[in-house]
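# Structural overview for review
Residues per chain, in single letters:
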Amino acid sequence: MGNLARFGVSLDEDLLEPFDELCKRKSYPNRSEAIRDLIRKALVEERWSNDPSGAGTLTLVYDHHKNDLARRLMAIQHDDHDLIVTTLHVHLDHHNCLEVLVLKGEPARLRALADKLISCRGVKHGTFTATTTGQDLA
């Protein structure tokens, strides 16, 4: 970590009170650590699409009984198999499945694959989380 710099932040109390509650819920020892995490997250999001190689996780929830959905999702995954490091498939109940894909590769291709899978008819919910090694972040 480099030299520590101190700076002041002015916030309206209507914003500060929920921020303090968030810090408490997430067990931050102080506001500074919470702000550092928010800054890191913003930097990762901004830099991710410009990196030559990225990584991320894609989480999908779907009813595997719907419209041949499991087969369609599998076909899309096979088309971009080189981006998929591993998958985890969990049966949430008789109908619903949770699938997590760990992805690595060119950011534009990762985003396109995630969008294609999330937008499949029958997928109830999908979330793509992009990340980097963070080697240039303190």
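Here is what the cut-offs are and how they apply
Residues numbered from 1 in each chain as written. Predicted model: local features only at pLDDT ≥ 70, side-chain atom pairs only at ≥ 80, totals over all residues. Heavy atoms only, no water. Pairing = 2+ DSSP bridges. Helix = DSSP H or I, 4+ residues; strand = E, 2+ residues; numbered from the N terminus. Axes fitted to C-alpha atoms, helices over the stretch in contact; angles between N-to-C directions. Contact = heavy atoms within 4.5 Å. Parallel < 35°, antiparallel > 145°, perpendicular 65-115°, else oblique. Nonpolar A, V, L, I, M, F, W, Y, C, P; charged D, E, K, R; others polar. Patch = residues over 30% accessible without salt bridge, like charges linked within 9 Å, V, L, I, M, F, W, Y side chains within 5 Å. Areas by Shrake-Rupley, 256 points an atom, 1.4 Å probe, with all protein chains shown as cover. Salt bridge = Lys/Arg side-chain N within 4 Å of Asp/Glu carboxyl O. Buried < 20%, exposed > 50% of the residue type's maximum accessible area, 1.4 Å probe, protein only. Lys, Arg positive; Asp, Glu negative; His and termini not counted. Charge placed at Lys NZ, Arg CZ, Asp CG, Glu CD.

## Quick look at the sheet that holds strand S1 (residues 54-63)
Within a beta sheet, neighbouring strands are joined by backbone hydrogen bonds and run either parallel or antiparallel to one another. Strand order across the open sheet formed by four strands is S2-S3-S1-S4, with antiparallel pairing between neighbours. The open sheet terminates on both sides in strands that have one partner only, identified here as strand S2 (84-91) and strand S4 (123-131). Between one strand and the next, the sheet's axes are offset by a mean angle of 10°, whatever the strand orientation. Each of S1, S2, strand S3 (96-105) and S4 touches helix H3 (residues 69-79); the most contacted strand, S1, lies at about 165° to it.

## Thoughts on the packing of H3 against helix H4 (residues 107-118)
Running from N to C, H3 and H4 point in directions that differ by 170°, and their axes come no closer than 10 Å. When the axis of H3 is compared with that of H4, the two are roughly antiparallel. Contact with H3, carried on its side by Leu73, Ile76 and Gln77, involves Leu113, Lys116 and Leu117 of H4 and no other residues of that element. Here the residues of the contact of H3 with H4 sort into four nonpolar, one polar and one charged.

## Focus on a nonpolar patch on the surface
Nonpolar side chains collect at one region of the surface, where Phe7, Val9, Leu11 and Leu15 lie side by side and expose about 410 Å² of accessible area between them. Along the polypeptide, Val9 turns up in the segment before helix H1 (13-25).

## Considerations on the pairing of S3
Judged from the 10 bridges that link them, S1 and S3 form a sheet pairing that is antiparallel. In the strand pairing of S3, Leu58 is matched with Leu101. Bridge analysis of S2 against S3 gives seven bridges, and the strand direction is antiparallel. Opposite His89, over in S3, you have Glu99 as the bridge partner.

## So, the pattern of salt bridges
For the coordinates displayed, the defined rule picks out eight salt bridges. Across the pair Arg71 and Asp68 runs a salt bridge whose closest N-O atoms are separated by 2.4 Å. The shortest N-O distance in the salt bridge between Asp80 and Arg109 comes to 3.1 Å. One end of the pair, Asp80, is in the loop between H3 and S2; the other, Arg109, is in helix H4, with 29 residues separating them in the sequence. Take Asp80: its relative accessible area is 14%, and that puts it in the buried class.

## Brief notes about a negative patch on the surface
Taken together, Asp12, Glu13, Asp14, Glu17 and Glu21 make up a surface patch of like negative charges. Within the fold, Glu17 resides in helix H1. For Glu17, a relative accessible area of 48% corresponds to the partly exposed category.

Keep in mind that these numbers describe shape and distance, not what the molecule does.
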